[in-house]
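# Structural overview
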Amino acid sequence: MSRSRAHQLHDLLADGSEITIVCHNNPDPDCLASALALGRIAAGAGIDEPRILYSGDISHQQNRAFVNLLDMDLERFDAAAIQDRPAGSLLAFVDHSVPGANNPVPEETPVDIVIDHHPAEDIDAQFVDHREEIGAAATILTQYIRALDIEPDTVLATALLFAIRRETLNFLRGATRAEYDAAGYLHDHADHELLRQLSSPSVTGATLDAIATAIDNRMTTAAVLISHVGRTTERDAVPQAADYLATLEGVETVIVFGIIHGAIHLSARSPDPRIHVGDVLREAFADVGSAGGHHNVAGGEIPLRIFADYTTDDDQLLTIVEQVITARLLAALDLNGTN
C-alpha cells in the first residue's frame, strides 16, 4: 500500500512545476521533518527549490534546536504564496489536513497533497494519505522514501528519526510496528551525535517557571489532574508541563492550560483507555475554539476575544479563565460533584 501511494505521490509531483509545503501552526519536529522529506521527494520528481512555510512560533527549545542544527530553510507564512497559484503549482499539508484548522490557510483553499496521522474529517485533496493508526507523519514519509529508492542523506535521516522518537516519546506513546521499522531503516543513515544534541537542548527559565506554576496549581479529581501555567510567553511550556505532571503517581489523565498572547492553549495526556482526551477537549471547547486529538494526546486553542486586552488586572483574568476552563473540563469528563 505504501509503495502504491508513494508512486502516486511521485507521479503527481512529476506533473507539477513547483510546490509549497505548509506546516501547521507552531510546527514540531514531526511536521518539520515531514516537510523536509516531502521537499526531497519533490526534488527527485523534478521540482526545484520547494518552499516550506510556517506560521506561529518555533518556541520549544527542541524545535528551535531542530531548525538551527539541521539548518532548515523555512519561510514565514505568506498568503500570497498560496492564492492565485499558477497552473502546475502544488500546495501540500504535512502533519495536518484541513485549511483553517491549526493553520492560517483560508478555508476553501484547494489543497493538492495531504499527509497526516491526526484525527480529522472532511479532508479534500488530489492525494490524501491519512492514517490515524500511525504514530508519526515522519513514519509515512520514511515509507515513501524507501518505496521510491531515495537514500536519505544524514540531515534527512536524522530529522526523520528524531521526529519519530519525539512524536512517540521514545516509542512509549502511540508507537506501532511501522515506527520501529522506519527507525531501524533510518538508524544507519543518521548522525547520532546530532541526535544526542537534539534530545538535550537547554531549557529557558521562563519554561521552568511555567512548569513550576502548573505544579503549584494542580487539582486532582478521580485520577484526573487539571492545572494551568498562568500567563506565559513560552507556548510549549504547556505541553511540557502536561508531560511532566503525567508522571505523577496516581494520575491517569492530565490537562494543562495557559494564556499565551491572545489565546488560551490546552494540552492533554492520558493512557487511561476509558478516556479519549481528544474527544474530551473537542466536546468541552469546540464551540469556542479549536480542540481535539488522539485518544492519549490532544490539544486546543481558544481565542480570548473580548478578554485579550484585559491587562489591568491579570490576576482577575486568570481567575476567570481558570474557573471557566475547569468547569467545562469537569463537565466534559463527567466529574462534576466527584470528590
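Conventions we followed
Residues numbered from 1 in each chain as written. Predicted model: local features only at pLDDT ≥ 70, side-chain atom pairs only at ≥ 80, totals over all residues. Heavy atoms only, no water. Axes fitted to C-alpha atoms, helices over the stretch in contact; angles between N-to-C directions. Helix = DSSP H or I, 4+ residues; strand = E, 2+ residues; numbered from the N terminus. Left-handed = near helix turned anticlockwise from the far one by under 90°. Contact = heavy atoms within 4.5 Å. Nonpolar A, V, L, I, M, F, W, Y, C, P; charged D, E, K, R; others polar. Core = buried A, V, L, I, M, F, W, Y, C linked by side-chain atoms within 4.5 Å. Buried < 20%, exposed > 50% of the residue type's maximum accessible area, 1.4 Å probe, protein only. 1 Å grid on protein atoms, 1.4 Å probe; cavity = no way out; pocket = protein on both sides within 12 Å on 5 of 7 lines; lining within 4 Å. Points joined across faces, edges and corners; volume = space filled by probe spheres on them. Pairing = 2+ DSSP bridges. Patch = residues over 30% accessible without salt bridge, like charges linked within 9 Å, V, L, I, M, F, W, Y side chains within 5 Å. Areas by Shrake-Rupley, 256 points an atom, 1.4 Å probe, with all protein chains shown as cover. Salt bridge = Lys/Arg side-chain N within 4 Å of Asp/Glu carboxyl O. Lys, Arg positive; Asp, Glu negative; His and termini not counted. Charge placed at Lys NZ, Arg CZ, Asp CG, Glu CD. Polar contact = N/O pair within 3.5 Å; in protein donor to acceptor, adjacent residues only side chain to side chain. pLDDT = per-residue confidence, 0-100. Phe/Tyr/Trp six-rings, centres within 6.5 Å; stacked < 30°, edge-to-face > 60°.

## Some thoughts on the packing of helix α4 (residues 137–147) against helix α5 (residues 154–167)
Between α4 and α5, the least distance of the axes is 9 Å, while the angle of their chain directions is 145 degrees. Seen along the crossing, α4 lies across α5 with a hand that is left-handed. Taking contact as the criterion, the partners of Ala138, Thr139, Leu141, Thr142 and Ile145 in α4 are, on α5, Leu156, Leu160, Ala163 and Ile164. Per-class residue counts for the contact of α4 with α5 are seven nonpolar, two polar and no charged.

## Here's the deal with the nonpolar core
Nonpolar side chains tend toward joint burial in soluble globular proteins. Judged by nonpolar contacts, the single largest core of 59 residues is most densely connected at Leu13, Ile19, Leu38 and Ile115. Take this core: its biggest share by element is nine residues, from helix α2 (residues 29–44). Residues Ile255, Ile259, Ala268 and Ala332 belong to the second largest nonpolar core, which totals 27 residues.

## Observations concerning the layout of surface pockets
Quantified by volume, the second largest pocket comes out at close to 350 Å³. If you go around the second largest pocket, you meet 15 residues; those closest to its centre are His60, Gln62, Arg166, Gln240 and Asp243. Among the secondary structure elements, those contributing two or more residues to the lining of the second largest pocket are α3 (61–69), α5, α8 (205–216) and α9 (237–245). Per element, the largest residue contribution to the lining of the second largest pocket is three residues, and it comes from α5.

## Comments concerning the sheet that holds strand β4 (residues 89–94)
The strand order across the open sheet formed by six strands is β3-β2-β1-β4-β5-β6, and the pairing between neighbours is parallel. Pairing within the sheet leaves two strands with one partner each, and these edge strands are β3 (75–76) and β6 (127–130). Examined bridge by bridge, β4 and strand β5 (residues 113–116) share three bridges and lie parallel to one another. Residue pairing in the sheet places Ala92 in a bridge with Ile113 of β5. Packing against the sheet, α4 makes contact with β5 and β6, and its axis sits at approximately 120 degrees to β5.

## What about a negative patch on the surface?
On the surface, Glu121, Asp122, Asp124, Glu132 and Glu133 cluster together into a negatively charged patch. The class of Glu121 is exposed, set by a relative accessible area of 65%.

## A look at the environment of Arg76
With respect to the helices, strands and loops of the structure, Arg76 is situated in strand β3. A residue is classified by how much of its surface remains accessible, and Arg76, at 47% relative accessible area, is partly exposed. Measuring from C-alpha to C-alpha, the distance between Arg76 and Asp236 comes to 19 Å, with 160 residues separating the pair along the chain. When neighbours within four sequence positions are excluded, Arg76 is seen to be in contact with Leu53, Tyr54, Ser55 and Gly56. Here the side chain of Arg76 touches Tyr54 through a polar contact of 3.3 Å, side chain to side chain.

## Some words on the confidence of the model for the protein chain
Here the protein chain shows a mean pLDDT of 90. Residues at 70 or above account for 95%. By mean pLDDT, the top-scoring element of the protein chain is β5 (98), and the lowest-scoring one is α3 (78).

## A short note on the packing of aromatic side chains
Scanning the entire structure with this criterion turns up three aromatic pairs. Ring geometry for Phe127 versus Tyr144: centroids 6.3 Å apart, planes at 70 degrees, classification edge-to-face. You can see Phe127 sitting in strand β6 and its partner Tyr144 sitting in helix α4, a full 17 residues away along the chain. You can call Phe127 buried: its relative accessible area is 5%.

## A short note on the side chain of Thr158
In this fold, Thr158 is placed in helix α5. A polar atom in the side chain of Thr158 sits 2.7 Å from the backbone oxygen of Thr154. What Thr158 contacts, discounting residues up to four positions off in sequence, is Leu70, Ala190, Asp191, Leu194, Leu195 and Leu198.

## Let's talk about the sheet that holds strand β8 (residues 224–231)
One open sheet holds the six strands; their spatial order is β7-β8-β9-β10-β12-β11, and the pairing between them is mixed. Edge positions in the sheet fall to β7 (219–221) and β11 (290–293), since each has one partner strand and no second. Along the sheet, successive strands turn relative to each other by an average axial angle of 15 degrees, direction set aside. Sheet analysis places β11 next to strand β12 (residues 297–303), joined by four bridges and oriented antiparallel. Residue pairing for β12: Ser290 is matched across the bridge by Glu301.

## A few points about unusual backbone geometry
Of all residues except glycine, most have a negative phi; of all peptide bonds, most are trans. Here the phi dihedral of Glu49 falls at roughly 50 degrees; this positive angle occurs in a residue that is not glycine. The residue Glu49 is located in the loop between α2 and β2 (51–54) in this model. Classification of Glu49 as exposed rests on a relative accessible area of 74%. Positive phi outside glycine occurs at Asn170, with the angle close to 55 degrees. Tracing the backbone through its elements, the reader meets Asn170 in the loop between α5 and α6 (177–187).

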